[in-house]
Amino acid sequence: MLISAIVAISQNNVIGKDGHLPWHLPADLQYFKSKTTGHHIILGRKNYEDIAKPLPLRVNLVLTRSASFEAPGCVVLHSLKDAFMFAKNAGETECFIIGGAALYKEALPYCKKLYLTKVLADIDGDVLMPSLGDGWELISEQKREADSKNIYPMLFQVFQRA
Ligand SMILES: NC(=O)c1ccc[n+]([C@@H]2O[C@H](COP(=O)([O-])OP(=O)(O)OC[C@H]3O[C@@H](n4cnc5c(N)ncnc54)[C@H](OP(=O)(O)O)[C@@H]3O)[C@@H](O)[C@H]2O)c1
């Protein structure tokens, strides 16, 4: 099973603000949906609380260390290894780490593919992306200009590593 991460990062490395995404970029949400639909997605409890519902047509694996946390419509698990095992046992071919920062930090060493949206602006925020680690090779890149609904230009990049 391929383990991938998908994230949108500003030029100054911001990914979050006040518990939310620091921007509203429908084109990136659409890109995220196109890549993750039909797959297992693994998310941290804080990211889940921001989204506040299971993302449809995906198996939502929410990680928390709390024994009592409930996330209706999701599978609540207590370690990354359990999440990988759950997805693998279900026959998944590509599972996605969808954040936030705490989860990216722990999971990136296991990831062989990275879908990175570069938001081409400096953005105010309080959650930064942890180090991506070494060995990433850029395999595709597509620029999208800003428009009336997406106020920042974006670069959709895909990286992989051995
Ligand atoms: N730009 C993007 O693409 C993007 C994507 C996703 C999220 N975000 C942003 O990132 C921010 C949230 O990030 P965050 O770092 O604060 O929180 P987070 O990673 O979403 O959640 C952290 C929590 O997840 C649980 N957790 C993490 N690793 C675990 C493990 N190995 N085992 C068990 N539980 C684990 C813990 O929950 P408990 O405390 O319950 O034990 C931990 O406190 C928000 O602002 C969000 O909007 C941005």
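Preceding block: the structure.
Predicted model only: the values in this text are computed from it and were never measured. (Residues numbered from 1 in each chain as written. Predicted model: local features only at pLDDT ≥ 70, side-chain atom pairs only at ≥ 80, totals over all residues.)

Q: What is the right way to look at the overall build of the protein in this model?
A: Helix and strand counts for the protein stand at four helices and ten strands. Put simply, the protein runs from its N terminus to its C terminus through helices and strands in the order β-β-α-β-α-β-β-α-β-α-β-β-β-β. In terms of C-alpha radius of gyration, the protein reaches 15 Å, essentially the compact-globule figure of 15 Å for 162 residues. Counting only C-alpha atoms, the protein reaches 40 × 35 × 25 Å along its principal axes. Counting all 162 residues of the protein, 30% fall into the buried class. Relative to all contacts within the protein whose residues are 6 or more apart in sequence, the contacts with residues 24 or more apart total 67%. (Helix = DSSP H or I, 4+ residues; strand = E, 2+ residues; numbered from the N terminus. Rg over C-alpha atoms; globule rule 2.2 N^0.38 Å. Buried ≥ 20, exposed ≤ 12 C-beta atoms within 10 Å, placed from the backbone. Contact = placed C-beta atoms within 7 Å.)

Q: I tried to follow the site of the ligand on my own but got confused; where do I start?
A: Taken together, 28 residues surround the ligand, and among them Gly-16, Gly-44, Asn-47, Gly-99 and Gly-100 come closest. Within the shell around the ligand, the residues separate by chemical class into twelve nonpolar, eleven polar and five charged. (Near = placed C-beta within 6 Å. Nonpolar A, V, L, I, M, F, W, Y, C, P; charged D, E, K, R; others polar.)

Q: Any chance you could explain helix H3 (residues 80-89) here in plain terms?
A: For the α-helix, the turn length of 3.6 residues means that residues three or four positions removed from each other point alike. Within H3, the full set of buried residues consists of Ala-83, Phe-84 and Ala-87. Buried residues of H3 fall within an arc of 95° about the axis and therefore sit on the same side. Opposite the buried face of H3, at more than 90 degrees from it, the exposed residues are Lys-81 and Asn-89. Gly-91 occupies a position one or two residues after H3 and carries a positive phi of about 85°. (Arc of directions from axis to C-beta.)

Q: Just to check I follow, could you spell out the pairing of strand S6 (residues 94-97) for this structure?
A: On a regular strand, each side chain points to the face opposite its neighbour's, so the side chains alternate between the two faces of the sheet. Across four bridges, the pairing between strand S1 (residues 2-10) and S6 is parallel. Within S6, the residue paired with Ile-3 across the bridge is Cys-95. When strand S3 (residues 40-44) meets S6, the two strands line up parallel, connected through two bridges. Paired with Ile-41 across the bridge in S6 is Phe-96. (Pairing = 2+ DSSP bridges.)

Q: Mind showing me how you'd approach the environment of Ala-27 here?
A: With respect to the helices, strands and loops of the structure, Ala-27 is situated in helix H1 (residues 26-36). Spatially, the C-alpha atoms of Ala-27 and Cys-111 are 24 Å apart, while their sequence positions differ by 84 residues. Ignoring anything within four residues of it in the chain, the contact list for Ala-27 reads Arg-144, Asn-150 and Met-154.

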